[in-house]
Amino acid sequence: MPLVEIEISNNDSILPDEIVAFLHEADLRVSQFLQASPRRATGFVPSDFKTVYHALQAITDANLASGNSLCEWGSGFGVVASLASMLEFMACGIEIEQDLVDASRSLADDFSLPVEFVQGSFIPSGGESCVEEAYADNNAEFSWLITDADDGYEELELNPEDFDVVFAYPWPGEEYLITSLFEKYAAEGALLLTYNSLESVSLQRKLNEQPGDP
């Protein structure tokens, strides 16, 4: 199914106090992690969380999602999944690095947020061909795309099509992989929210199959 772009408003309203407090603590912990583990953090670059929060808020304000379940692919510190939880999403995150899973669980727990984080790959079972194609296209630059990690969905006891919204922050050149996986495995009508560059987000919907479509 093809994806269609959805326009969302650039909402730069004042953040609620609880969001400000959460993001302050998240930024502090991310900075400490990057300073303490510079080598291990080479595959972790945080997005602009305020921009993503406003995008999530726009999705909820306009009632764009077909439901309230959200999964963060490559969740890192789990900040986006936690922000989604604060907007009443049933949120979870899949992250390959156990240290980041532990950090995301600690952050969410300290703010009493009901977010589930699991260690594993967000590449669904059977999605290896999509990964191999992206891997080849990038001349093996993104070696973390090829992994024998456990299936994150199995630990969540969910499938990719169970989510109404998926968030991802693809590396340059990784966009094709993210959209290919979403097109192939997400539910019809689901939303893909991606953070692309400084203060830039994109929202796409997987089209519903129409009668008579092949």
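What you are looking at is a predicted structure, and each value in this text was computed from that prediction instead of being measured. (Residues numbered from 1 in each chain as written. Predicted model: local features only at pLDDT ≥ 70, side-chain atom pairs only at ≥ 80, totals over all residues. Heavy atoms only, no water.)

With respect to the confidence of the model for the protein chain
When pLDDT is averaged along the protein chain, the result is 86, and 83% of the positions lie at 70 or above. The spread of mean pLDDT over the elements of the protein chain runs between helix H5 (residues 128-137), the lowest at 66, and helix H3 (residues 79-86), the highest at 98. (pLDDT = per-residue confidence, 0-100. Helix = DSSP H or I, 4+ residues; strand = E, 2+ residues; numbered from the N terminus.)

Quick notes on the pairing of strand S4 (residues 116-119)
Pairing of strand S3 (residues 90-95) with S4, which is carried by 4 bridges, proceeds in the parallel orientation. When the bridges of S4 are listed, glycine 93 appears paired with phenylalanine 117. (Pairing = 2+ DSSP bridges.)

Description of the packing of aromatic side chains
Counted by the stated rule, this structure contains 4 aromatic pairs. Between phenylalanine 22 and phenylalanine 111, the ring centres sit 5.1 Å apart and the planes meet at 85°, which makes this aromatic pair edge-to-face. Of this pair, phenylalanine 22 sits in helix H1 (residues 17-36) while phenylalanine 111 sits in the loop between helix H4 (98-110) and S4, and the two are 89 residues apart along the sequence. Phenylalanine 111 gets classed as partly exposed once you look at its relative accessible area, which sits at 28%. When the ring of tyrosine 169 is compared with that of tyrosine 195, the centres are 4.9 Å apart and the planes differ by 90°; the resulting orientation is edge-to-face. (Phe/Tyr/Trp six-rings, centres within 6.5 Å; stacked < 30°, edge-to-face > 60°. Buried < 20%, exposed > 50% of the residue type's maximum accessible area, 1.4 Å probe, protein only.)

Regarding the environment of valine 4
Relative to the elements of secondary structure, valine 4 occurs in strand S1 (residues 3-5). Residue valine 4 is classed as partly exposed on the basis of its relative accessible area of 31%. In the structure, valine 4 is positioned 202 residues away from lysine 206 in sequence and 6.7 Å away in space, judged by C-alpha atoms. Setting aside its immediate chain neighbours within four residues, valine 4 contacts Leu203, Gln204, Arg205 and Leu207. (Contact = heavy atoms within 4.5 Å.)

Describing H1
Its 20 residues place the ends of H1 29 Å apart at the C-alpha level, agreeing with the 28 Å of an ideal helix rising 1.5 Å per residue. Among all positions of H1, only Ile19, Phe22, Leu23, Ala26, Arg29, Val30 and Phe33 are buried. Each buried residue of H1 lies within a common arc of 135° when the element is viewed along its axis, so the set occupies one face. Seen from the open side of H1, the exposed residues pointing more than 90 degrees away from its buried face are Asp17, His24, Gln35 and Ala36. (Expected span 1.5 Å × (residues − 1). Arc of directions from axis to C-beta.)

Concerning the pattern of salt bridges
On inspection of all chains with the given rule, the structure shows 2 salt bridges. For the salt bridge of arginine 29 with glutamate 25, the shortest nitrogen-to-oxygen distance reads 2.7 Å. Here arginine 29 pairs with glutamate 25, and both are found in helix H1, just 4 residues apart, close to one helical turn. Between arginine 29 and aspartate 110 there is a salt bridge, with its nearest N and O atoms 2.7 Å apart. With arginine 29 in helix H1 and aspartate 110 in helix H4, this pair connects stretches of sequence that are 81 residues apart. (Salt bridge = Lys/Arg side-chain N within 4 Å of Asp/Glu carboxyl O.)

Notes on a negative patch on the surface
A contiguous patch of negative charge, built from Glu116, Asp150, Glu154, Glu155 and Glu157, is present on the exposed surface. Relative to the helices and strands, glutamate 157 resides in the loop between helix H6 (152-156) and strand S5 (165-168). On the accessibility criterion, glutamate 157 (72% relative accessible area) is exposed. (Patch = residues over 30% accessible without salt bridge, like charges linked within 9 Å, V, L, I, M, F, W, Y side chains within 5 Å. Areas by Shrake-Rupley, 256 points an atom, 1.4 Å probe, with all protein chains shown as cover. Lys, Arg positive; Asp, Glu negative; His and termini not counted. Charge placed at Lys NZ, Arg CZ, Asp CG, Glu CD.)

Description of the packing of H1 against H3
Between H1 and H3, the shortest axis-to-axis distance is 11 Å and the interhelical angle comes to 165°. Considering their axes alone, H1 and H3 lie roughly antiparallel with respect to each other. In this structure, the crossing between H1 and H3 has a hand that is right-handed. For the pair H1 and H3, the contacting residues are Glu18, Ile19, Phe22, Leu23 and Ala26 in the first and Val79, Ser82, Leu83 and Met86 in the second. Among the residues making up the contact of H1 with H3, the classes are represented as 7 nonpolar, 1 polar and 1 charged. (Axes fitted to C-alpha atoms, helices over the stretch in contact; angles between N-to-C directions. Parallel < 35°, antiparallel > 145°, perpendicular 65-115°, else oblique. Left-handed = near helix turned anticlockwise from the far one by under 90°. Nonpolar A, V, L, I, M, F, W, Y, C, P; charged D, E, K, R; others polar.)

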